[in-house]
Amino acid sequence: MRAGFPVPARNEWGCLGGVAPFLGVSAATGTAESSRQPASAKWYDRRDYVFIEFCVEDSKDVNVNFEKSKLTFSCLGGSDNFKHLNEIDLFNNIDPNESKHKRTDRSILCCLRKGESGQAWPRLTKERAKLNWLSVDFNNWKDWEDDSDEDMSNFDRFSEMMNNMGGDDDVDLPEVDGADDDSPDSDDEKMPDLE
């Protein structure tokens, strides 16, 4: 070191100052803190709604707070009751009274009613920032701006989907021709041996 500059003190982990070697550990005590981390989430846009799915298995104490320009999500997740907290400043305003959420064993699905229907959201957040816990749900993404033939409103579809979710109720699955038929098919024949 140059003369006149003090040498920085190192803590018991060999780090400068009071910095711990990894996140989640208190530099003062060396024990794990009860910190909250954001839950992994996927989102997609529709004409009247924005959908966000927080991927937390075995969630407990779920709290979703809808505000005009903000969404706050918190819960305990998994067998170790890990604390999750997501605070999202939304791209545009929503109608908090018409926004809803549904918890399943694997995730929490939120349906945010847009304040202005028909306006596309190019991103979920107000700021242009890459959040490592947030991704686009391309399986459900639809370029709806050119569609004019939506028979059922998205909210009706969402309500129908929510009513069909869950594993406790008996769900009538569509009949598949020949699914329970024990008669031999052409593909049930014995295959020739390979040489």
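Residues numbered from 1 in each chain as written. Predicted model: local features only at pLDDT ≥ 70, side-chain atom pairs only at ≥ 80, totals over all residues. Heavy atoms only, no water.

- An unreviewed UniProt entry lists the protein under the name Prostaglandin E synthase 3, with Zosterops lateralis melanops given as the organism.

## Some words on the sheet that holds strand E8 (residues 134–136)
Move 1: Taken in spatial order, the 5 strands of this open sheet run E6-E7-E2-E1-E8, and their pairing is mixed. Pairing within the sheet leaves two strands with one partner each, and these edge strands are strand E6 (100–103) and E8. The average undirected angle you get between the axes of adjacent strands in this sheet is 20°. (Pairing = 2+ DSSP bridges. Helix = DSSP H or I, 4+ residues; strand = E, 2+ residues; numbered from the N terminus. Axes fitted to C-alpha atoms, helices over the stretch in contact; angles between N-to-C directions.)

## Regarding the environment of Asn-97
Move 1: The residue Asn-97 is located in the loop between strand E5 (82–89) and E6 in this model.
Move 2: Put simply, Asn-97 and Lys-68 are 29 residues apart on the chain and 9.3 Å apart in space, counted from C-alpha to C-alpha.

## Thoughts on the pattern of salt bridges
Move 1: With the rule as written, the count across this model stands at 4 salt bridges.
Move 2: A salt bridge links Lys-42 to Glu-53; its shortest N-O distance comes to 3.9 Å. Taken as a pair, Lys-42 in strand E1 (residues 41–45) and Glu-53 in strand E2 (residues 49–54) lie far apart in primary sequence, 11 residues in all.
Move 3: For Lys-42, a relative accessible area of 28% puts it in the partly exposed group.
Move 4: Residue class for Glu-53 comes out partly exposed when judged on its relative accessible area of 22%.
Move 5: Note that Asp-45 is salt-bridged to Lys-114, the shortest N-O span being 2.6 Å. Linking Asp-45 in strand E1 with Lys-114 in the loop between strand E7 (108–113) and E8, this pair joins segments that are 69 residues apart in sequence.
Move 6: Classification of Lys-114 by relative accessible area gives buried; the value is 3%. (Salt bridge = Lys/Arg side-chain N within 4 Å of Asp/Glu carboxyl O. Buried < 20%, exposed > 50% of the residue type's maximum accessible area, 1.4 Å probe, protein only.)

## With respect to the sheet that holds E5
Move 1: With respect to topology, 3 strands assemble into an open sheet ordered E3-E4-E5, the strand pairing being antiparallel. At either end of the open sheet lies a strand with only one pairing partner, and these are strand E3 (60–66) and E5. Taken pair by pair, the neighbouring strands of this sheet meet at an average axis angle of 5°, ignoring direction.
Move 2: One ladder, built from 8 bridges, connects strand E4 (residues 70–77) with E5; its direction is antiparallel. The partner of Thr-72 across the bridge, within E5, is Glu-87.

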